[in-house]
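So you can see what is in the structure, the chains are spelled out below.
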Amino acid sequence: MNILVNYSGDYLQLLTPELENKLQAIHLGIHTKSAEGADYLGWAEWPGSISPAFLQDIKETAERIRSTSDVLVVIGIGGSYLGSKAVIEALSTPFQNSNDLEVIFAGHLVSGEYLKQLMAYLDNKEVTLNIISKSGTTTEPAIAFRFLQQYMEKRYGNQAASRILVTTDEEKGALRTLAIEKGYRRYVIPGNIGGRYSVFTAVGLLPIAAAGHDIEKLINGAREAEKEFGVFDTNSNPAIQYAVIRNYLYDAGYPVEIMATFDEKLIYVQEWLKQLFGESEGKDGKGIFPTSVLYSTDLHSLGQYIQDGKRMLFESFLMVEKPAGDLTVFEAENDGDELNYLSGLTLHEFNLACHEATKTAHLAGGVPQISLTFEQLDEQHLGHLLYFYMMACAYSAYLLDINPFDQPGVEDYKSNIFKILNKPGYILL
Ligand code: PA5
């Protein structure tokens, strides 16, 4: 399985001897756990270390949820929801009236209206809750959980506890204490894996399995990537290639990366990416600002700015080689819409032509281009792809001399809100 990296410039020219040395040091630092932030490098060898018993346990719990519930409500924010949301959306079949279990997310925003409408929607359905928080103290999901826990207790009485699952740290946090007190089933987020790198732990696997997807294949894809990217080769390792190119562009005066896709199912992969790269790299006054577009939709809105606005952007396409479904433009008897010139063309081929046209136009407009292509949207390839991005992100941050695994900036707003709302122990100065 391969991820192809295509760059509008000359990749090999970027590989100076100094850069090769730095990359080799980064590679060693990641794999010998000696790099900065090493305490949070557990994700790198995690897929390969997952035991069959762990996967079996998740699958059995997911099966139980599926057989007793119509809806699984997943409460979490940031890394505690985006990974599973990304995979579930990428594998979804839209417009289907199915009796399959529905996964709904909460706690990623604070809205009384959202929670009221959600609880009204749940009223005539069987429900399971999975609250996910590594720290076990994040306010937004905790607020959602307070309401939804009460809802479950009113509806299910002393059976509520068997319908509430908690995914949190093994040793600390208010959520862990609460789970023990109430006797909720607990899943552990390993201490050496941070939120945005946790998609292959119970954080991602339980909701993904409950949605009916094959987590064994997902993990197999990640394991394959773990093996592939464990080899240091600047010519063939796509995680290194992508990191090198985007960092070269950053140094060359392009601090904004536009992640582009033609596939609506990848919108939440883009959201996951924005968190992964934004939170990992944006520190110490440095870092590429990640943003995203969906084409052709955004060619008719942001496309104008990308082509012609302030020059600070580079664009990275995420392309799927083989679409799951397609249509071919047919010859119409009366060519009233003047589209017969397209007859015989598949819609995927249209998008490939659009990709070519957009790349050429944006490049001519001063926007350097990267295209990342992977084979198809299924569990195996997604596992490979998400691991690829995590590894590329680690290389990228280390190339900028940044610790990819902390998020000091996120803490600032949190302590401000505690002060504004008079949380005990916080004083507004
Ligand atoms: O990547 C991270 O660590 C963060 O984005 C967290 O996932 C996010 O802040 C949620 O934290 P928690 O899982 O502790 O509730």
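Further up the page is the structure itself.
Bear in mind the structure is a predicted one, so any value in this text is a computation, not a measurement.

With respect to the element layout, phenylalanine 418 can be found in helix α16 (residues 408-420). Look at phenylalanine 418 and you get buried, because its relative accessible area is 13%. A C-alpha to C-alpha distance of 9.2 Å links phenylalanine 418 and threonine 139, two positions 279 residues apart in sequence. Phenylalanine 418 has contacts with Thr139, Lys423 and Tyr426, leaving out every residue within four places of it along the chain.

Okay, a negative patch on the surface next. On the surface, Glu331, Asp335, Asp337 and Glu338 cluster together into a negatively charged patch. The topology assignment puts aspartate 335 in the loop between β9 (313-322) and α14 (347-364). Assessed through its relative accessible area of 30%, aspartate 335 is described here as partly exposed.

Considering the arrangement of structural elements, one finds glutamate 226 in helix α10 (residues 215-229). At 6.3 Å, arginine 223 is the nearest oppositely charged side chain to glutamate 226, a buried residue that forms no salt bridge. Other than its neighbours up to four places away in sequence, glutamate 226 contacts Ala44, Glu45, Trp46, Pro47, Gly48 and Tyr387.

Turning our eyes to something else, we now look at the environment of arginine 223. Topologically, arginine 223 is positioned in helix α10. Exposure remark for arginine 223: the relative accessible area of 24% places this residue in the partly exposed category. On a C-alpha basis, the gap between arginine 223 and glutamate 18 in space is 30 Å, while along the polypeptide they are 205 residues apart.

Basis of the calculations
- Residues numbered from 1 in each chain as written.
- Predicted model: local features only at pLDDT ≥ 70, side-chain atom pairs only at ≥ 80, totals over all residues.
- Heavy atoms only, no water.
- Helix = DSSP H or I, 4+ residues; strand = E, 2+ residues; numbered from the N terminus.
- Buried < 20%, exposed > 50% of the residue type's maximum accessible area, 1.4 Å probe, protein only.
- Contact = heavy atoms within 4.5 Å.
- Patch = residues over 30% accessible without salt bridge, like charges linked within 9 Å, V, L, I, M, F, W, Y side chains within 5 Å.
- Areas by Shrake-Rupley, 256 points an atom, 1.4 Å probe, with all protein chains shown as cover.
- Salt bridge = Lys/Arg side-chain N within 4 Å of Asp/Glu carboxyl O.
- Lys, Arg positive; Asp, Glu negative; His and termini not counted.
- Charge placed at Lys NZ, Arg CZ, Asp CG, Glu CD.

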